[in-house]
Amino acid sequence: MIRDLPSPKDFFDVGLELFDFAWIQSRNFGQIYPTPNTSELIAQKFPTSIGPPLSAV
Amino acid sequence: MQQGVEFILKGKVVEVSPYLLLAGPPDRWPSPYEAVEPSFSQFKTVDAQDLVRLHDTVQNNPLPPPFVRQFNDLRVKRNAISHSIDKRLEIHTIEVILCFHKTLFPAGNWLKTRVGFIDNYPRAKLDGGDFSTNLIARELDVVLNLLPPASVKDYFGIDKKQRRYLCATCWWNANHDVDFDNKLAVLRPKSPASTRIYCRICDSEYAVIREDCPVSSCSGNVLSADDDRMCLTCGASNP
């Protein structure tokens, strides 16, 4: 016997989540979800590297 | 997106039986004679190219030809993206998602589904319900401006060329510190004397008062029917 049989909802939930992911990636929503430029990405990843020096905080 | 539609088609097949998704001959399946029974996830499932045929074989309603064309077209494009470079490749993501969702969930509402996802964003937890109202209104505004009239009618049931008004319900659910002025509601029926308005965001239809807005610079004549008597053209309250 096979265990962990999936339900239709299991598949629907993942499918809809993938739709949602694709939806916000649409370039038509660029005004709402602007693609971060490189410096913004770096700032998100390494926030302290662009902030004030720790001594100034 | 392609993977999403494949998952949903598989879900439709699983409505009949999950065993229909098993691919290959039984002698290639994981052995059922081990100490632990095999999990469904260990089995290879049917290829994407066979899903439409499988669905139409086991479900009552076959998938409509426009959907099948869209599905196959997207599959080809996905392969091009995955394995090659196509400088002229274009995917109309928004319209494809709306088409797929409407076909696969005819009783559903993509905007409601989308609000469900927005409600799970960390910002939504921090800001409350107005965050999702603001965001979905901005998205719908983009979509209504983007799609041709026939698609707006098909997916949202409204006339793209019809004058749009503020929705009093969404207005009170929104955050106005971020310039919430999305006019997304329409009179129903479409008539100068119509006394009902429909909003696609909250998916509700309600009564309005047809009186001129007292604000001299506003030419609106549709007011909310509550005590606030808000002008659904300029947003001014006229209690």
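Predicted model only: the values in this text are computed from it and were never measured.

Draft legend 1. Highlighting the interface of chain B and chain A. Opposite the 27 residues of chain B that make contact, chain A presents 23 residues. Across the side of chain B that touches chain A, the residue classes break down as 13 nonpolar, eight polar and six charged.

Draft legend 2. Up close: helix α8 (residues 149-156) of chain B. All names here are of chain B. Listing the buried residues of α8 in full gives Val152, Tyr155 and Phe156. Buried residues in α8, looked at end-on, bunch into an arc of 85 degrees, giving them a common side. Of the surrounding elements, those touching the buried residues of α8 are α4 (93-104) and α7 (129-146). At the C-terminal side of α8, glycine 157 shows a positive phi close to 70 degrees.

Draft legend 3. Representation of the confidence of the model for chain A. Residue and element names in this part refer to chain A. The predicted model of chain A has a mean per-residue pLDDT of 75, with 60% of residues at 70 or higher. Averaged over each element, pLDDT in chain A is lowest for helix α3 (residues 47-50) (50) and highest for helix α1 (residues 8-25) (94). In this model, residues 49-57 is a region of pLDDT below 50 whose contacts with residues beyond four sequence positions or in other chains number two contacts.

Draft legend 4. Highlighting the packing of helix α3 (residues 65-83) of chain B against α4(B). Residue and element names in this part refer to chain B. Packing of α3 against α4 leaves a shortest axis separation of 10 Å and a crossing angle of 130 degrees. Compared by their axis directions, α3 and α4 come out oblique. Crossing hand, α3 versus α4: left-handed. Mapping the contact onto sequence places Phe67, Gln70 and Leu74 in α3 and Val96, Cys99 and Thr103 in α4. Here the residues of the contact of α3 with α4 are counted per class, giving four nonpolar, two polar and no charged.

Quick notes on the rules
Residues numbered from 1 in each chain as written. Chains lettered and ligands numbered in written order. Predicted model: local features only at pLDDT ≥ 70, side-chain atom pairs only at ≥ 80, totals over all residues. Contact = placed C-beta atoms within 7 Å. Nonpolar A, V, L, I, M, F, W, Y, C, P; charged D, E, K, R; others polar. Buried ≥ 20, exposed ≤ 12 C-beta atoms within 10 Å, placed from the backbone. Helix = DSSP H or I, 4+ residues; strand = E, 2+ residues; numbered from the N terminus. Arc of directions from axis to C-beta. pLDDT = per-residue confidence, 0-100. Axes fitted to C-alpha atoms, helices over the stretch in contact; angles between N-to-C directions. Parallel < 35°, antiparallel > 145°, perpendicular 65-115°, else oblique. Left-handed = near helix turned anticlockwise from the far one by under 90°.

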